[in-house]
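# Summary of the model geometry
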Amino acid sequence: MSHSLAVLPGDGVGPEVVAAALTVLDAAEEKFGFSTERVEVPLGADHYLATGELLTEEAVGSLRGHDAILFGAIGSPKVTPGILERGIILALRAAMTQAINLRPVRLYPGVPTPIAGLTPERCDLVIVRENTEGAYVARGSTVHAGTPAQVAVQESVNTWYAIERAVDFAFRLASARRKKLTLCHKTNVLVEAGKLWLAVMDEVGARYPDVEQDYVHVDAMCMHLPVSPDRFDVVVTDNLFGDIVTDLGAVLQGGLGVAASGNLNIDGTSPSMFEPIHGSAPDIAGRGWANPAGACLSMAMMLGHLGEGEAAAAVESATTSVLADLPALAGEGMGASTAELGERIAERLRDGSAPQVTGSLMNDLAAVMNGLRHG
Ligand code: IPM
Ligand code: MN
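### Details of the nonpolar core
- L102, F169 and V236 are the most contacted members of the largest nonpolar core, which totals 92 residues.
- If you tally residues by element for this core, the top one is helix α9 (residues 293-305), at 9 residues.
- Other than its neighbours up to four places away in sequence, L102 contacts V126, I127, V128, F169, L173, A260, S261, G262, L264, M301, L361 and L365.
- Judged by nonpolar contacts, the second largest core, of 19 residues, contains A6, V60, F71 and L92.

Written out as C-alpha cells, the structure is:
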C-alpha cells in the first residue's frame, strides 16, 4: 500500500522535528510493509520573503491531491505576526475543511510531568477543538486608527453548522471511549455563542443517550485540568478556548514538545493535516534542542488516519518509551539532539523493544472515522 504525503516542514524548528519524524516513518515503512510518496512543499517565512506567496490557489489544488499532510511549524520574527499564521496555517485548515482539531492529552508511562503526583491512569483525555470559526475568522474593523480614539472591533462567528459538526464528532469519539463529553465554554459571559453551543449539545446529545454530558467554564477548566484531569474523557470547545486549553493540556503531558494534533477533514473532500502543537520556536532553532516527540506522535496519528493502525501504535510506543528515558524533555538538557532522538525512536521501532502502549487513541479514532464513512 502506498500513501501520498505532502510534507510542509515550515519555519524554525519545524524542519528539524519533521526530519526526525520522517526518519521514524522510514523505519515504520520497512517494518510494516507499506510505502509513502512524499512531496515537500516549501511554504513558510523564507518562501514568503523570497516570493511574496502565502497559500496560493495552485498550492491548494496540488495539496488536495494528497492522502495526508505532515506539517512542522510556521512563524518567524522576520515576518509581522499574523501574516504567516493566517496566510498559511489557518488558510490551510479552512481550504481543506479540517473541521476538527483533535488534541489528545495523555501522560505516557515514565514521562515526567511538572504536575506533582499526576499518574498516566489519571491523564488520558482528548480535546476536540472546533477548527474553522469562532474568533479565528479574524473579522472586524478599526476606526479612528492612529488617534487616541482608536476603536477595534474583533468579531467571533459561531454557526450551528460548524458547532454541530464538532459536537457530533466529539459525541462519536466519547461513545468509542469512556462515554463522557464535557463542553468547555464561557456561557456566563459569551451568552449568545454560549446559547448556541448549549442548544447544539442538547440536540445532538439526544442522539447519544449513553454518553454522559458535563459542562465546565473555560476559566474553571484551567483549574480542573491540572488538578483533576481524570474528570475528563472527551472535551469539546471552540477554536480560541481550544487553542488555549490545549497548551495547558500539553504541560500535563510533559510540555509543548510532546503534544500532537490532527486537523481532521471528516467529509472526505480533502486531506487531513497532522502537526505538533508547538510553534516554530525561533529562539532555539538550528540547535537540535527541539523535542521531536510531538511531530512523531502527530505522524503516528497520521498513520492511524491512513489505515496503518499497527504502525501507528508502534510509533506511539517507540516514541513514548524513548521520552521516558530522557533527562529533560526539551532544550540543552535533553541529552541528545532532535536528529539523534529521531534515530533512537526509529531504532526502538525496528527492534520492537518498546512496551506496547495500551488503549491507543488510534483505535477510538478509527472507529469514529469508520462510523462517519458508513453513516
Ligand atoms: C496552534 C497554533 C496556531 C493556532 C497559530 C500558530 C495560528 O497556536 O496550532 O495551536 O492558534 O491555532
Ligand atoms: Mn496554539
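From this point, the narrative continues.
### Comments concerning unusual backbone geometry
- Located in the positive-phi region is T97, a residue other than glycine, with phi close to 45 degrees.
- Here T97 shows up in the loop between α4 (83-95) and β4 (100-106).
- Here T97 falls in the partly exposed class, since its relative accessible area comes to 23%.

### Overview of the site of ligand 1
- As a structural note, the neighbourhood of ligand 1 is formed by E85, I89, R93, R103, R129, Y136 and D243.
- With respect to ligand 1, the side chain of R129 contributes an N or O atom lying 2.8 Å from an oxygen atom.
- In this structure, an oxygen atom belonging to ligand 1 sits 2.6 Å away from a side-chain N or O atom of Y136.
- Protein contact buries 79% of the 320 Å² of open area that ligand 1 shows by itself.
- For the shell around ligand 1, the element with the most residues is α4, which contributes 3 residues.
- Of the residues belonging to the shell around ligand 1, the class tally is 2 nonpolar, no polar and 5 charged.

### Focus: the packing of helix α5 (residues 160-176) against helix α12 (residues 361-373)
- Between α5 and α12, the least distance of the axes is 9 Å, while the angle of their chain directions is 125 degrees. The angle between α5 and α12 places the two elements in the oblique class. The handedness of the crossing between α5 and α12 is right-handed. Residue-level contacts link F169, R172, L173 and A176 of α5 to L361, D364, L365, A367, V368, M369, G371 and L372 of α12.
- Here the contact of α5 with α12 is built from residues that sort into 9 nonpolar, 1 polar and 2 charged.

Criteria and cut-off values
Residues numbered from 1 in each chain as written. Chains lettered and ligands numbered in written order. Predicted model: local features only at pLDDT ≥ 70, side-chain atom pairs only at ≥ 80, totals over all residues. Heavy atoms only, no water. Core = buried A, V, L, I, M, F, W, Y, C linked by side-chain atoms within 4.5 Å. Buried < 20%, exposed > 50% of the residue type's maximum accessible area, 1.4 Å probe, protein only. Helix = DSSP H or I, 4+ residues; strand = E, 2+ residues; numbered from the N terminus. Contact = heavy atoms within 4.5 Å. Near = heavy atom within 4 Å. Polar contact = N/O pair within 3.5 Å; in protein donor to acceptor, adjacent residues only side chain to side chain. Areas by Shrake-Rupley, 256 points an atom, 1.4 Å probe, with all protein chains shown as cover. Nonpolar A, V, L, I, M, F, W, Y, C, P; charged D, E, K, R; others polar. Axes fitted to C-alpha atoms, helices over the stretch in contact; angles between N-to-C directions. Parallel < 35°, antiparallel > 145°, perpendicular 65-115°, else oblique. Left-handed = near helix turned anticlockwise from the far one by under 90°.

Treat this as a map of the structure, not an account of what it does.
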